[in-house]
Amino acid sequence: MKKSFTFILLLLISTLSAQTESSKTSAPLSEGSALEEGISPERLNRIDAMLKDAIDAKQIPGAVALIARNGKVVFHNAYGMADEAGNAMDKGAIFRIASQTKAITSTAVMMLWEEGKFRLDDPISKYIPEFENAQVLDSYDESDGSYTTKAAENQITIRHLLTHTSGLGYGVIDGDKRFKEIYNKAGITDLFTTENISIEESVKKLAKLPLHHNPGEKFTYSEGLDVLGYFIEVVSGLPFDEFLRTRIFDPLQMNDTWFYLPEEKHKRLVQVQERKEDKWTKYPVTFYDTDYPVKGAKRFFSGGAGLSSSAKDYATFLQMYLNMGELNGVRILSRTTVQSIMGNQTENKFGEGKKHYGLAFGVVTPEGQDAGGEGSTGTFDWGGYFNTQYFADSKEQIVGILMKQTQGNTGDQTGWKFRQMVFAAVDD
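The rules we used
Residues numbered from 1 in each chain as written. Predicted model: local features only at pLDDT ≥ 70, side-chain atom pairs only at ≥ 80, totals over all residues. Heavy atoms only, no water. Pairing = 2+ DSSP bridges. Helix = DSSP H or I, 4+ residues; strand = E, 2+ residues; numbered from the N terminus. Buried < 20%, exposed > 50% of the residue type's maximum accessible area, 1.4 Å probe, protein only. Arc of directions from axis to C-beta. Contact = heavy atoms within 4.5 Å. Salt bridge = Lys/Arg side-chain N within 4 Å of Asp/Glu carboxyl O. Patch = residues over 30% accessible without salt bridge, like charges linked within 9 Å, V, L, I, M, F, W, Y side chains within 5 Å. Areas by Shrake-Rupley, 256 points an atom, 1.4 Å probe, with all protein chains shown as cover. Core = buried A, V, L, I, M, F, W, Y, C linked by side-chain atoms within 4.5 Å. 1 Å grid on protein atoms, 1.4 Å probe; cavity = no way out; pocket = protein on both sides within 12 Å on 5 of 7 lines; lining within 4 Å. Points joined across faces, edges and corners; volume = space filled by probe spheres on them. Nonpolar A, V, L, I, M, F, W, Y, C, P; charged D, E, K, R; others polar. pLDDT = per-residue confidence, 0-100. Axes fitted to C-alpha atoms, helices over the stretch in contact; angles between N-to-C directions. Parallel < 35°, antiparallel > 145°, perpendicular 65-115°, else oblique.

(A) Representation of the sheet that holds strand S11 (residues 326-327) within the structure. Pairing is antiparallel across the open sheet formed by three strands, whose spatial order is S1-S12-S11. Two strands close off the open sheet at either side, each with one partner strand: strand S1 (20-21) and S11. Alignment of S1 against strand S12 (residues 330-331), held across two bridges, turns out to be antiparallel. Its bridge partner lying in S12, Glu 21 is registered against Val 330.

Spelled out as structure tokens, the structure:
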């Protein structure tokens, strides 16, 4: 009876907070003609040949590529194999999208911001008190891993966490060896896991550790979006996975996007592979098990790296952004909020002038546009740990997605080639 009451209460909360209908109604993504949407079929054939050549050259074992323009999918193909057994890749394959999760988590944060739940420059300690006494690493002894700290000059804010300027690190993939060791010794869960741990437990451990630098001082890629996953639970009163399901995935009909896949979708999950002695083999268990989306405790909802999705699902999410926050008559974000998300939130702390960082994405600047191959000014993008990538150009109304699942250096050049060739295919 208690479980039934809890479920009804959660359902009521999610219903009361459901996304609003919009006076604007943009159609869901659907198939369209390249010619009618101003894309050259002959130049799409070049992309097709490039991806086939990459598979023949053993740069990648397989891929799914999707291109949409004006809300119409004009290119959606599968290549190569999905696993070491040689099963053919399918267009509906599901991939671990890793850091592509970050934009979805950031979107969820901004949805709650639109409801007046907090200000972006609120200290995170207001909602997660464990962060109240932020400390910066001062000295580190490599012989025994001991360290000293000094008090941070200011507190970490929600904006800092969204923009990777909080000073937090990223453990096992951190660029600073000291932080790899500090995070490992403290038992921080990085990225993804099959272990029985919650984001609340991991985030509260993380709050006790030193920062790279004072909050707001620099751009340091971090676990800030994992912190915000737990923050969403605190502010919304819903488990993080339930919030994403009821507030984003169900309204947008993103039925293939999950932290942990339902059993009927397990066979669609692409295997992570590495190339060994000219053969593609399943990537072994290292500090994580690549089968995390389908096995283990299934409790760790990583806001920075935990989701799996399909090319069509993620294209749907990006199309919502190209429509300035709306899709199929459902308003996820206001146009004014999208404008802030795309704005330069990090000044000159990110990149070398070709991009700035907003509240969810890397964003191409005029210098980046003029350098070539990146898209128009305002094109937004990111990628994932297992070799996935996306970009969306609001001026040209183009979405590009290339999904792969590999580890290790294989000489893969499909990423930059795909993006460059997509924009070269514009023919209107």
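(B) Expanded view of helix H12 (residues 414-424). Among all positions in H12, only Thr 414, Gly 415, Phe 418, Arg 419, Val 422 and Phe 423 are buried. Buried residues of H12 fall within an arc of 155° about the axis and therefore sit on the same side.

(C) Representation of the sheet that holds strand S13 (residues 355-357). With mixed pairing, eight strands are arranged side by side in an open sheet as S2-S4-S3-S17-S16-S15-S14-S13. Two strands lie at the open edges of the sheet, namely strand S2 (30-31) and S13, each paired on one side alone. Of the strand pairs in this sheet, strand S15 (residues 380-384) and strand S16 (residues 388-393) are connected by five bridges, and their pairing is antiparallel. By the bridge assignment, Gly 383 is partnered in S16 with Gln 389.

(D) Highlighting the environment of Ser 125. Structurally, Ser 125 can be placed in the loop between helix H3 (101-114) and strand S6 (135-140). Of the residues examined, Ser 125 reaches a relative accessible area of 12% and is grouped as buried. Measuring from C-alpha to C-alpha, the distance between Ser 125 and Ile 156 comes to 7.7 Å, with 31 residues separating the pair along the chain. Once residues lying within four places of it in the same chain are set aside, the contact partners of Ser 125 are Phe 131, Glu 132 and Gln 155.

(E) Geometry of the pattern of salt bridges. For the structure shown, the criterion picks out 23 salt bridges. One salt bridge in this structure joins Asp 121 and Arg 159, with 2.8 Å as the shortest N-O distance. Of this pair, Asp 121 sits in the loop between H3 and S6 while Arg 159 sits in helix H4 (residues 158-162); the two residues are 38 residues apart in sequence, bridging distant segments of the chain. In this structure Asp 121 comes out as partly exposed when scored by relative accessible area, which is 48%. Judged by relative accessible area, Arg 159 falls into the partly exposed class, the value being 23%. Here Asp 289 ties to Lys 295 by a salt bridge, and the two come within 3.1 Å at their closest N and O atoms. Exposure remark for Asp 289: the relative accessible area of 14% places this residue in the buried category.

(F) Quick peek at a nonpolar patch on the surface. A grouping of Val 172, Ile 173 and Phe 287 is seen on the molecular surface, where their side chains present a nonpolar patch of about 210 Å² in accessible area. You can see Phe 287 is positioned in the loop between strand S9 (279-282) and strand S10 (308-309). According to the relative accessible area criterion, Phe 287 is partly exposed, its value standing at 40%.

(G) Representation of the nonpolar core in the model. Residues Ile 158, Phe 231, Leu 244, Tyr 314, Tyr 321, Phe 361 and Ile 401 are the most contacted members of the largest nonpolar core, which totals 94 residues. At eight residues, the largest contribution of residues to this core is made by helix H9 (residues 311-322). The residues touching Leu 244, leaving out its near neighbours within four places in the chain, are Ile 104, Ala 108, Phe 249, Phe 259 and Leu 307.

(H) The layout of surface pockets, seen in detail. In this structure, the largest pocket occupies an estimated 310 Å³ of space. Forming the boundary of the largest pocket are 18 residues, of which Ile 188, Thr 189, Asp 190, Glu 195 and Phe 287 lie nearest the centre. If you tally residues by element for the lining of the largest pocket, the top one is helix H5 (residues 177-186), at three residues. A class-by-class count of the residues in the lining of the largest pocket yields seven nonpolar, six polar and five charged.

(I) Molecular detail of the confidence of the model for the protein. With 96% of its residues at a pLDDT of 70 or more, the protein shows a mean pLDDT of 95. Note that residues 1-16 has pLDDT below 50 and, in this model, seven contacts with residues that lie over four places away or in other chains.

(J) The pairing of S15, seen in detail. By the criterion of burial, S15 is predominantly enclosed, with four of the five residues buried. Note: strand S14 (residues 362-364) against S15, two bridges, orientation antiparallel. Along S15, the bridge assignment pairs Val 363 with Phe 380. With antiparallel pairing between neighbouring strands as the criterion, S15 and S16 make up a hairpin whose turn holds three residues, including Asn 387 at a positive phi of roughly 80°.

(K) Spotlight on the pairing of S16. Where burial is concerned, most of S16 is hidden: six out of the six residues are buried. Neither face of S16 is exposed, since Thr 388, Tyr 390 and Ala 392 on one face and Gln 389, Phe 391 and Asp 393 on the opposite face are all buried. Pairing between S16 and strand S17 (residues 398-403): six bridges, direction antiparallel. Bridging across to S17, Phe 391 finds its partner in Gly 400. Two successive antiparallel strands, S16 and S17, enclose a turn made up of four residues, where Gln 397 displays a positive phi of approximately 55°.

(L) Structural detail: the environment of Leu 322. Relative to the assigned elements, Leu 322 resides in helix H9. When the C-alpha positions of Leu 322 and Thr 346 are compared, they lie 22 Å apart, and in sequence the two are 24 residues distant. Not counting the four nearest positions on each side in its chain, Leu 322 is found in contact with Phe 380, Ala 392, Asp 393, Ser 394, Gln 397, Ile 398 and Val 399.

(M) The arrangement of the packing of H3 against helix H8 (residues 240-252) in detail. Between H3 and H8, the shortest axis-to-axis distance is 11 Å and the interhelical angle comes to 80°. One way to sum up the angle between H3 and H8 is to call them roughly perpendicular. In this structure, H3 uses Ile 104, Thr 105, Thr 107, Ala 108, Met 111 and Leu 112 to contact H8, whose residues at the interface are Phe 240, Phe 243, Leu 244, Arg 247, Ile 248 and Phe 249. In terms of residue class, the contact of H3 with H8 is built from nine nonpolar, two polar and one charged.

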